[in-house]
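Summary of structural features
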Amino acid sequence: MCIRDRYMGYQQVWKMTQSPNPAKEVRMGYLVGYLSVILIGSLNFGWNASIFGACQFLFEWMYGWKESDSAFWRSLNNTLVPVGALVSSLIASKLMMYGRRVVIFVAAFFSIIGAIFLAVLQRPNPQTPTTGLAFLCIGRTLMGISVGFYSTVTPTYINEISPVHLTGTFGSCHQLLITFAIVMTYFLGFILPKKGEKIEVYQNNFTWKMGMAFPGIMSIIQVLLMMAVYTLDSPSYYCGKDEEKSQTALFKIYVQNMDAKDAYEKMVSGQKKSVLSGSLYSKYKTAFWVGIATVSYTHLRAHETSLHLVCRLLLEKKKNSDN
């Protein structure tokens, strides 16, 4: 064998061992666009978590809160969002069995209605504050419910549409968008009216109203794009329910049909493993929880509280005195 043939043979073996460039295997434009639409939920999450903090002094001046009232109303409105999110996040996990898109549409509905309460119906007035405060609290609660749905479905949705080699990169975008939204609300505080203006200036100011309406506007954009452009759910949701739609969703993500089919086979294999683990849990769940209960009781029993110590000492003292 001549040197040239040997070189060509080495070169061929080297090419066979090299994996293709992952970026060329996926339709990056479609994937980034799809990801951006889903991440509107993350943006709304961060925005709703911090927008009241940027505008709270403005509401204090508009409603004429005294120092004691101000602390109460600020605490209440900062608490309503996580309370609403807590309730809806418990429901969202059950609702996802009907599709990730369904949860996003429900979250967008609450976001839009909440924005209407906060930016349109709410008319802060120190003379008649009750109505405005009611709309403010209702709007913040609705936004919290929206946040709970978004915070549950967004990471799952991103993970399910992301190719394996991009899961880490795309998954980090959820937290990145939350942080970005929080920073943007703080910058919004620089352009709000300052203390000392007339009440009409605060009431008619466009900036704080847009700040309150922003999540609802973004939710409208999200719904329109998901109905017009990104019309399919995640491939993982369709897997086991509709093979054709699952593969169609993968064909939109991958350039090569073989890559899409390979991803589908791996997804089916992974789902079978999860079903197997679920069936094992169902079979042994009674033994599992009995074991947990007995071990927990043993550990808790080993810790003697102050009350138990006093009772034990009193009983011992009584026993000794009787003897």
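Residues numbered from 1 in each chain as written. Predicted model: local features only at pLDDT ≥ 70, side-chain atom pairs only at ≥ 80, totals over all residues. Heavy atoms only, no water.

1. Observations regarding the overall build of the protein chain
Counting its secondary structure elements, the protein chain contains 13 helices and zero strands. Across the protein chain, helices and strands are ordered from the amino to the carboxyl terminus as α-α-α-α-α-α-α-α-α-α-α-α-α. For the protein chain, the proportion of its 323 residues judged to be buried stands at 37%. For the protein chain, contacts bridging at least 24 residues in sequence account for 78% of all contacts bridging at least 6. Just so you have it, the protein chain exposes about 19,300 Å², and 65% of that area is on carbon and sulfur atoms. (Helix = DSSP H or I, 4+ residues; strand = E, 2+ residues; numbered from the N terminus. Buried < 20%, exposed > 50% of the residue type's maximum accessible area, 1.4 Å probe, protein only. Contact = heavy atoms within 4.5 Å. Areas by Shrake-Rupley, 256 points an atom, 1.4 Å probe, with all protein chains shown as cover.)

2. Some remarks on helix α6 (residues 129–161)
Relative to the 48 Å expected for 33 residues at 1.5 Å per residue, α6 spans 47 Å between its end C-alpha atoms, a close match to the ideal helical length. Of all the bends found along α6, the most pronounced is centred on V153 and spans about 25°, while P155, a proline, follows it within four residues. (Expected span 1.5 Å × (residues − 1). Bend = angle between axes of the 7 residues up to and from the residue.)

3. Comments concerning the environment of L31
Within the secondary structure layout, L31 lies in helix α2 (residues 28–38). Residue classification places L31 among the buried residues on the basis of a relative accessible area of 1%. Sequence separation of L31 and Y254 is 223 residues, and the distance between their C-alpha atoms is 9.2 Å. Once you skip the residues sitting within four places of it in the chain, L31 turns out to touch V26, I161, P163, L166, F170 and I253.

4. Regarding the packing of aromatic side chains
Under the definition given, this model contains 16 aromatic pairs. Measuring from ring centre to ring centre gives 5.1 Å for F72 and W73, while their planes differ by 75°; the resulting arrangement is edge-to-face. Look at F187 and F190: their rings are 6.1 Å apart centre to centre, the planes differ by 45°, and that puts the pair in the tilted class. One aromatic cluster is present, formed by F52, F59, Y63, W65, F72, W73 and W208 through successive ring pairs. (Phe/Tyr/Trp six-rings, centres within 6.5 Å; stacked < 30°, edge-to-face > 60°.)

5. Looking at the pattern of salt bridges
Scanning the model with the defined rule gives one salt bridge in all. Two residues, R100 and E160, come together in a salt bridge whose shortest N-O distance is 2.6 Å. With a gap of 60 residues between them, R100 in helix α5 (residues 100–121) and E160 in helix α6 connect regions that are remote in the sequence. The same class applies to R100 as to E160, namely buried. (Salt bridge = Lys/Arg side-chain N within 4 Å of Asp/Glu carboxyl O.)

6. Focus on the confidence of the model for the protein chain
When pLDDT is low, close inspection of the predicted coordinates is not appropriate. Model confidence for the protein chain is summarised by a mean pLDDT of 78, while 69% of its residues fall at 70 or above. At the low end of the mean pLDDT range in the protein chain sits helix α1 (residues 3–17), at 46; at the high end sits α5, at 94. Note that residues 6–24 has pLDDT below 50 and, in this model, six contacts with residues that lie over four places away or in other chains. In the predicted structure, residues 272–281 sits below a pLDDT of 50 and forms two contacts with residues beyond four places in sequence or in another chain. (pLDDT = per-residue confidence, 0-100.)

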